[in-house]
Amino acid sequence: METYFLPLDKFVPLLLRLIEKYEVFIPTIEQERPHFHRFSSEDTSTISFEHIRTVEPVKHFLFKPIESVASFDKPLEKGIKPQAIVGIKRCDLKAIEVYDKVFLDSEFVDPFYKKRRETTILISADCPQPEPTCFCNLLGLNPWVDEGADLNVTPVRSGYVIEPLSPKGEAIIEENKIWFENTSPEDLEQREASRKKALDKLKEINPDRFKEDLYERVNVNEQKFCLSEASGCVECCGCLMCCPTCYCFLLYDEPSNERVRIWDACYYAAYARVGGGANPMPDFTSRFKNRFECKFNYFYKYHGFFACTGCGRCISGCMGKIDIRKILLKL
Ligand code: SF4
Ligand code: SF4
Ligand code: SF4
């Protein structure tokens, strides 16, 4: 695809142009970690492209932690606003691919997800400095983006190399073409050098590879193995709430006649409980195992890829110091 150069001082004007049509979210550093932050015209915060993915998963933007999905005595009014997510990383784009399979390409299409997906612009950014919890490379991803977003941004010395990756991205360039210049060979060389350095770093962090038949190994794995791996777990469910690919939800009715959907998680004791109290997964070991089977066996069998992106959120957030990579490498 064609590439463009955007000078350093033109990025904020571009964001100001975007907020005329979209709610714009940018990554900024808060308490030393990257978090998404709503951009406004009075904003003085510095956009951070050089860090890894944000602490929070991007699923919040498309699949809300809690939302009304039906109303029994009046039509449900939903004000879904167009949004632009800036600085999204390769692993989180893969997570959106997982969600697209679940909420758009299945027997039932989720109208709220569909509407948000259609009205969301994704402006991705390369990861120049992978961190020790990152393992996207073990799942076939690179720490940069060449598909799945609308525009990709790579910071270079005096500005940004911008690559449109969809018709929506091309339209943004066209509407603001006064600010975009042609890329020079030096800009592209810098981009390649930065990408190579990031990939080398990931290979150094993750020297071992998962077995080719990982999806089968997860399925036939002994309950005993899960028991020992789960022994440090305090069942906080943090790893599932921060996971960008976990998509389970629970529906309940409010006295106000609204049906509400909230995120669910397979580590909860009541996750699989049915009317009458029967529970096919009453012990934690089987629930622990379910997470691995869901992400690495069932999803792979149905869709041809794993429902894990290697983002490492479950590693950095785990109180029990459980590293999913180490479990998968043992299989
Ligand atoms: S974050 Fe760690 S301790 Fe908490 S449920 Fe997940 S594996 Fe267990
Ligand atoms: S399982 Fe862990 S590494 Fe994989 S997508 Fe979820 S949070 Fe990221
Ligand atoms: S897992 Fe890969 S794409 Fe995701 S933040 Fe880390 S280096 Fe970037």
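Keep in mind the model is a prediction, meaning the values are calculated, not measured.

Draft legend 1. Structural detail: the overall build of the chain. For the chain, the helix and strand inventory stands at 12 helices and 11 strands. A compact globule built from 331 residues would reach a C-alpha radius of gyration of about 20 Å, and the chain, at 21 Å, matches this within 12%. Taken over the C-alpha atoms alone, the chain extends approximately 65 × 55 × 35 Å along its principal axes. Within the chain, the fraction of its 331 residues that count as buried is 51%. Once local pairs closer than 6 in sequence are excluded, the contacts in the chain between residues at least 24 apart make up 72%. Summing over all exposed atoms, the chain offers an accessible surface of approximately 16,500 Å²; the carbon and sulfur share of this is 53%. Both charge centroids of the chain, one from 45 positive and one from 50 negative side chains, sit 4 Å from each other.

Draft legend 2. Expanded view of unusual backbone geometry. The phi torsion at glutamate 32 lies on the positive side, around 70°, for a residue other than glycine. The topology assignment puts glutamate 32 in the loop between β2 (23–30) and β3 (33–38). Look at lysine 321: it is not a glycine, yet its phi comes out positive at around 55°. In this fold, lysine 321 is placed in the loop between α11 (313–316) and α12 (324–330).

Draft legend 3. The arrangement of the side chain of aspartate 126 in detail. The topology assignment puts aspartate 126 in the loop between β6 (120–125) and β7 (151–156). The buried category is assigned to aspartate 126, whose relative accessible area is 3%. Polar contacts involving the side chain of aspartate 126 include one to the side chain of threonine 154, which spans 3.0 Å. Beyond its immediate chain neighbours, meaning those up to four positions away, aspartate 126 contacts Phe49, Lys89, Pro143, Trp144, Val145, Asn152, Val153, Thr154, Arg191 and Arg195.

Draft legend 4. Representation of the packing of aromatic side chains within the structure. Tallied over the entire structure, the rule returns 24 aromatic pairs. When the centroid spacing of 4.9 Å and the interplanar angle of 50° are considered together, the rings of phenylalanine 11 and tyrosine 160 count as tilted. Taken together, the residues span a long stretch of sequence, with phenylalanine 11 in helix α1 (residues 11–18) and tyrosine 160 in strand β8 (residues 159–164) at a distance of 149 residues. When the ring of tyrosine 300 is compared with that of phenylalanine 306, the centres are 5.1 Å apart and the planes differ by 35°; the resulting orientation is tilted. Accessibility expressed as a relative area gives 29% for tyrosine 300, which makes it partly exposed. For phenylalanine 306, a relative accessible area of 18% puts it in the buried group. The ring of phenylalanine 305 is capped by lysine 94, whose NZ or CZ atom sits 4.1 Å from the centre of that ring.

Draft legend 5. Representation of the layout of surface pockets. What the largest pocket holds in volume is close to 390 Å³. As for the largest pocket, its lining consists of 18 residues, of which Val102, Phe103, Ser106, Tyr247 and Phe249 are closest to the centre. Looking at the lining of the largest pocket, the elements with two or more residues in it are α3 (90–103), α4 (111–118), β10 (249–253) and α10 (284–303). Here the element with the most residues in the lining of the largest pocket is α10; it accounts for 5 residues. Among the residues making up the lining of the largest pocket, the classes are represented as 14 nonpolar, 2 polar and 2 charged.

Draft legend 6. Local environment of α3. Given a rise of 1.5 Å per residue, 14 residues ought to cover 20 Å, and the 20 Å separating the end C-alpha atoms of α3 matches this to within 8%. Burial analysis of α3 places 12 of its 14 residues in the buried class, the great majority of the element. For α3, the complete set of buried residues consists of Arg90, Cys91, Asp92, Leu93, Lys94, Ala95, Ile96, Val98, Tyr99, Asp100, Val102 and Phe103.

Draft legend 7. The pairing of strand β5 (residues 83–88), seen in detail. Across the 6 residues that make up β5, a large majority, 6, are buried. Bridge analysis of β2 against β5 gives 3 bridges, and the strand direction is parallel. In the strand pairing of β5, valine 24 is matched with alanine 84. In terms of strand pairing, β5 meets β6 through 5 bridges, oriented parallel.

Draft legend 8. Local environment of the sheet that holds strand β4 (residues 66–71). Spatially, the 3 strands line up as an open sheet ordered β4-β11-β10, and their pairing is antiparallel. Each edge of the open sheet carries a strand with a single partner, namely β4 and β10. With strand direction ignored, the average angle separating the axes of adjacent strands in the sheet is 25°. Pairing of β10 with strand β11 (residues 258–263), which is carried by 5 bridges, proceeds in the antiparallel orientation. Within β11, the position partnered with phenylalanine 249 by the bridge is tryptophan 263.

Each value, and the rule that gives it
- Residues numbered from 1 in each chain as written.
- Chains lettered and ligands numbered in written order.
- Predicted model: local features only at pLDDT ≥ 70, side-chain atom pairs only at ≥ 80, totals over all residues.
- Heavy atoms only, no water.
- Helix = DSSP H or I, 4+ residues; strand = E, 2+ residues; numbered from the N terminus.
- Rg over C-alpha atoms; globule rule 2.2 N^0.38 Å.
- Buried < 20%, exposed > 50% of the residue type's maximum accessible area, 1.4 Å probe, protein only.
- Contact = heavy atoms within 4.5 Å.
- Areas by Shrake-Rupley, 256 points an atom, 1.4 Å probe, with all protein chains shown as cover.
- Lys, Arg positive; Asp, Glu negative; His and termini not counted.
- Charge placed at Lys NZ, Arg CZ, Asp CG, Glu CD.
- Polar contact = N/O pair within 3.5 Å; in protein donor to acceptor, adjacent residues only side chain to side chain.
- Phe/Tyr/Trp six-rings, centres within 6.5 Å; stacked < 30°, edge-to-face > 60°.
- Lys NZ or Arg CZ within 6 Å of the ring centre and 35° of its normal.
- 1 Å grid on protein atoms, 1.4 Å probe; cavity = no way out; pocket = protein on both sides within 12 Å on 5 of 7 lines; lining within 4 Å.
- Points joined across faces, edges and corners; volume = space filled by probe spheres on them.
- Nonpolar A, V, L, I, M, F, W, Y, C, P; charged D, E, K, R; others polar.
- Expected span 1.5 Å × (residues − 1).
- Pairing = 2+ DSSP bridges.
- Axes fitted to C-alpha atoms, helices over the stretch in contact; angles between N-to-C directions.

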